[in-house]
Amino acid sequence: MSIAGKVAFVTGAAQGIGQAIALRLAQDGADLALFDLKGDTLGDTQTKVEAEGRRAISIGGDVTDKAGFEAAVNRTVEELGGFDIIVNNAGIAQVNSIEEITEKEFDTIFNINVKGVLIGTQVAAVKFKELGHGGKIINANSIAAHETYPMLGLYSATKHAVRAITSTAAKELASAGITVNGYSPGIVGTGMWEEIDRRFAELTGAEIGATYKTYAGGIALGRPSTPEDVAKFVSFLAGPDSDYMTGQTPLIDGGLVYR
Ligand SMILES: NC(=O)c1ccc[n+]([C@@H]2O[C@H](COP(=O)([O-])OP(=O)(O)OC[C@H]3O[C@@H](n4cnc5c(N)ncnc54)[C@H](O)[C@@H]3O)[C@@H](O)[C@H]2O)c1
C-alpha cells in the first residue's frame, strides 16, 4: 500500500496497458481518475478499480484538448479530493514507410503522442504546484524511443520526442518536488499491436500474426509482455521507492533492446 490515499489520473485507461496500470495503482491503494477518448468503455476499468475497494471516476475526453484536460483534472480534485500522480499513457501507433507517410498521418500522431503528453505534463505540473505539493508525472514511451524500426519511423519519432520532453520537464520541475519519468515497453499484446500487425499485413503482404510473432521472437525472456508486466514498473514509478529517480525512461521489454 505504498501509495495508499493518493489520487492517480490515467489517460488511455479504457483498455490495454492503461487499464492494467489503473488496476495496479488501485491495488496499491490509490483512487483513480480514468480518462479516455472512448469514455463509454471506461466502465469496465471503473468496475475493476471499484472491486479493489478504491474510488474511481470515468471521464471521456481527448488528450489533445488542453481545456478539456484541465477540466478533467479539476473534476478529479473536486470529486476525489486530491491529485498526486498522472500517467500520460494514451498513444497511437502508425505503420508506413518514410516515402509514403502523409502529412495527415504526421499531424495526427504528433498531436496525440507528443502534444497529448506535453499537455498532460503541463496540466499536472500547474495543478501540483497550485495544490502546494510535489507529484509524479509518468509518461508512456516505447522501445521505439531507444531504437528505430522500418515502417515505424513516425511512431519512433514521436516516442523520441516524448523522451526529450520527459527529461527536460524533470530538470525544470525537480525544485518543485515533481519527478518526471517514463516507461518503455517492448511487445505487449494489446489492441495497438493488433493494429500494427494488421497494417504490416496490408502493406507488406505478411500474414496476419506474422509480424507480431517475429518481433516477439527476439525477446530474451521468451514471451511477449503482458500489460501487467508494464503496470508493475509503473507502480514503482508512482510510489515512494522511485523518489530519487527523475528524467529517466527505462526499458521494460523482457530483454529486447539493450541501452
Ligand atoms: N502495445 C505495445 O506493445 C506498446 C509498446 C510500447 C509502448 N506502448 C505505449 O503504451 C501506451 C498504451 O498502449 P496500448 O498498447 O495499451 O494501446 P491501446 O490502443 O490498446 O490503448 C490505448 C488507449 O488510449 C486511448 N486513446 C488514444 N488516443 C487518445 C486520445 N487522443 N485521448 C484520449 N485517449 C486516447 C484509446 O482509446 C485506448 O483506450 C501507448 O502510449 C503506446 O504507445 C505500447
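Named according to an unreviewed UniProt entry, the protein chain is diacetyl reductase [(S)-acetoin forming] originating from Agrococcus casei LMG 22410. The UniProt entry for the protein chain carries this comment under Catalytic activity (unreviewed entry): "(S)-acetoin + NAD(+) = diacetyl + NADH + H(+)". UniProt, in the comment section headed Sequence similarities (unreviewed entry), describes the protein chain in these words: "Belongs to the short-chain dehydrogenases/reductases (SDR) family."

1. Comments concerning the pairing of strand β3 (residues 56–60)
In terms of strand pairing, strand β2 (residues 31–36) meets β3 through 5 bridges, oriented parallel. Within β3, the position partnered with D36 by the bridge is G60. Handedness of the β-α-β unit built from β2, helix α2 (residues 43–51) and β3 comes out right-handed.

2. Brief notes about the UniProt feature "active site" (unreviewed entry) in the protein chain
With numbering matched to this structure, UniProt assigns "active site" (unreviewed entry) to Y155. By the element assignment, Y155 lies in helix α5 (residues 153–173). Judged by its relative accessible area of 10%, Y155 is buried. When sequence neighbours within four positions are dropped, the list of residues in contact with Y155 reads I92, A93, Q94, I109, N113, S142, A144 and M192.

3. A look at the site of the ligand
Close to the ligand lie 28 residues; Q15, D36, Y155, V188 and T190 are nearest. Here I17 contributes a backbone N or O atom positioned 2.8 Å from an oxygen atom of the ligand. Within the side chain of W193, a nitrogen or oxygen atom sits 3.5 Å from an oxygen atom of the ligand. When isolated, the ligand has an accessible area of 840 Å², and the protein chains bury 95% of it. Listed by contribution, the elements that provide at least two residues to the shell around the ligand are α1 (16–27), α5 and α6 (191–204). Sorting elements by how many residues they give to the shell around the ligand places α6 first, with 3 residues. Among the residues forming the shell around the ligand, the class breakdown is 13 nonpolar, 11 polar and 4 charged.

4. Examining the nonpolar core
One finds I21, L25, L32, V87, I138 and Y183 to be the most contacted residues of the largest nonpolar core, which totals 30 residues. When residues of this core are traced back to their parent elements, those giving at least two are β1 (7–11), α1, β2, β4 (85–88), β5 (135–140) and α8 (227–238). Setting aside chain neighbours within four positions, we find L25 in contact with I3, A8, V10, A30, L32, V87, S235 and A238. The next biggest cluster of nonpolar side chains, apart from the first, holds 25 residues, and it includes F83, V123, A125 and I178.

5. As for α5
The terminal C-alpha atoms of α5 lie 30 Å apart, and with 21 residues this matches the ideal 30 Å at 1.5 Å per residue to within 8%. Looking at α5, one finds that the buried residues are L154, Y155, S156, T158, K159, V162, I165, T166, A169, A170 and L173. Contacts made by the buried residues of α5 are with α4 (103–131), β5, β6 (178–185) and α6.

6. Concerning the side chain of S156
Tracing the backbone shows S156 in helix α5. Judged by its relative accessible area of 1%, S156 is buried. Those residues in contact with S156 that sit more than four places away from it in its chain are A144, E147 and T148.

Cut-off values and rules
Residues numbered from 1 in each chain as written. Predicted model: local features only at pLDDT ≥ 70, side-chain atom pairs only at ≥ 80, totals over all residues. Heavy atoms only, no water. UniProt positions renumbered as here; feature names shortened; annotations may be inferred. Pairing = 2+ DSSP bridges. Helix = DSSP H or I, 4+ residues; strand = E, 2+ residues; numbered from the N terminus. Right-handed = clockwise from strand over helix to strand, strands pointing away. Buried < 20%, exposed > 50% of the residue type's maximum accessible area, 1.4 Å probe, protein only. Contact = heavy atoms within 4.5 Å. Near = heavy atom within 4 Å. Polar contact = N/O pair within 3.5 Å; in protein donor to acceptor, adjacent residues only side chain to side chain. Areas by Shrake-Rupley, 256 points an atom, 1.4 Å probe, with all protein chains shown as cover. Nonpolar A, V, L, I, M, F, W, Y, C, P; charged D, E, K, R; others polar. Core = buried A, V, L, I, M, F, W, Y, C linked by side-chain atoms within 4.5 Å. Expected span 1.5 Å × (residues − 1).

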